[in-house]
Amino acid sequence: MTILIDNGHGRETPGKRSPDGQIKEYEYTREMAQTIVSRLNSLGLSAQRLVMENHDVPLSERCRRANEYKDNHILVSLHLNAAGADGKWHNASGFSCFIANNASERSKWLAKAFTEQAIQLNLIGNRHIPPNKTWVQNLAICRDTTCPAVLTESLFMDNLSDAAILLSDNGFKAITDLHVNAILSYFEKFHKQS
Ligand SMILES: [Zn+2]
């Protein structure tokens, strides 16, 4: 089982940064991806990044790459959330995990595992948690890939307190721990040899 970690957007994608410019989504999610892949590899799991480029690789190409794997792989796409695109700070905060409308049972299981980790690590923020502890949206990276696939939004980069968490060492560790732990729980549920 290969764990594919997709990091969102590219250097030239407009917006996609905190109002003060300290957090750039493409850069932050690449650093997250590298850390998560290294940690999973050190635990003996096969994990790799789907997009090594710094420029924005189109979603169709991301999906094509993911669909080339045939080994019960899973995909986790990393993003940071934003409540607005107006360059201002906003109120919404916290982590969320999305699946597509056509999500498989395994995608649903994986998404719920992410949300449960976020609750445990006190990263869920100030929003209402939807049914099944999962947010649903028509997302190409989840919809057009054939494997279990989720998209995580690790806090709001346009919320002042979330941005402070994102920029702190402890916050970065908590967010990457959340991903590693959720993926490990999926692996133990569906792939661990008894
Ligand atoms: Zn994004």
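Preceding this paragraph is the structure being described.
Cut-offs and rules
Residues numbered from 1 in each chain as written. Predicted model: local features only at pLDDT ≥ 70, side-chain atom pairs only at ≥ 80, totals over all residues. Heavy atoms only, no water. 1 Å grid on protein atoms, 1.4 Å probe; cavity = no way out; pocket = protein on both sides within 12 Å on 5 of 7 lines; lining within 4 Å. Points joined across faces, edges and corners; volume = space filled by probe spheres on them. Helix = DSSP H or I, 4+ residues; strand = E, 2+ residues; numbered from the N terminus. Nonpolar A, V, L, I, M, F, W, Y, C, P; charged D, E, K, R; others polar. Salt bridge = Lys/Arg side-chain N within 4 Å of Asp/Glu carboxyl O. Buried < 20%, exposed > 50% of the residue type's maximum accessible area, 1.4 Å probe, protein only. Pairing = 2+ DSSP bridges. Right-handed = clockwise from strand over helix to strand, strands pointing away.

K.L.:
Is there a simple way to think about the layout of surface pockets in this case?
P.N.:
Rolled over the atoms, a probe as big as a water molecule pinpoints where empty space is left. Roughly 580 Å³ of internal volume is contained in the largest pocket. For the largest pocket, the lining is made up of 34 residues, of which H9, K16, E25, H79 and L80 are closest to its centre. Mapped onto the lining of the largest pocket, the elements with two or more residues apiece are α2 (59-67), β3 (74-81), α4 (140-143) and β6 (149-156). Element by element, the count of residues in the lining of the largest pocket is highest for β3, at four residues. Its residues placed into classes, the lining of the largest pocket shows 14 nonpolar, 10 polar and 10 charged.

K.L.:
Explanation requested: the pattern of salt bridges in the structure shown.
P.N.:
Where charged atoms from two side chains of opposite charge come close, those side chains can pair. Per the counting criterion, the structure on display carries 11 salt bridges. The shortest N-O distance in the salt bridge between R62 and D6 comes to 2.4 Å. Of this pair, R62 sits in helix α2 while D6 sits in strand β1 (residues 2-7), and the two are 56 residues apart along the sequence. The same class applies to R62 as to D6, namely buried. The partner of D56 in a salt bridge is R62, and the shortest N-O contact between them spans 3.3 Å. Given the relative accessible area of 32%, D56 is considered partly exposed. Given the relative accessible area of 2%, R62 is considered buried.

K.L.:
Explanation requested: the sheet that holds β1 in the structure shown.
P.N.:
Across a sheet, paired strands are connected by hydrogen bonds in the backbone, their directions being either parallel or antiparallel. As summarised here, the arrangement of the six strands in space is β2-β1-β3-β6-β4-β5, forming an open sheet in which the pairing is mixed. Strands at the two margins of the open sheet, each flanked by one partner only, are β2 (46-49) and β5 (135-136). Of the pairings in the sheet, the one linking β3 to β6 comprises six bridges and is parallel in character. Among the inter-strand pairings, N81 is bridged to a residue of β6, identified as F156.

K.L.:
Sorry, what's going on with the pairing of β1 here?
P.N.:
Put simply, side chains in a regular strand alternate between the two faces of the sheet. Where burial is concerned, most of β1 is hidden: six out of the six residues are buried. Burial of the side chains of β1 extends over both faces: T2, L4 and D6 are buried on one face and I3, I5 and N7 on the other. The sheet contact formed by β1 and β2 spans four bridges and is parallel. Along β2, the bridge assignment pairs I3 with A47. As a crossover connection, the stretch from β1 through helix α1 (residues 25-42) into β2 is right-handed. As paired strands, β1 and β3 are joined by five bridges and run parallel to one another. By the bridge assignment for β3, L4 is matched with L75.

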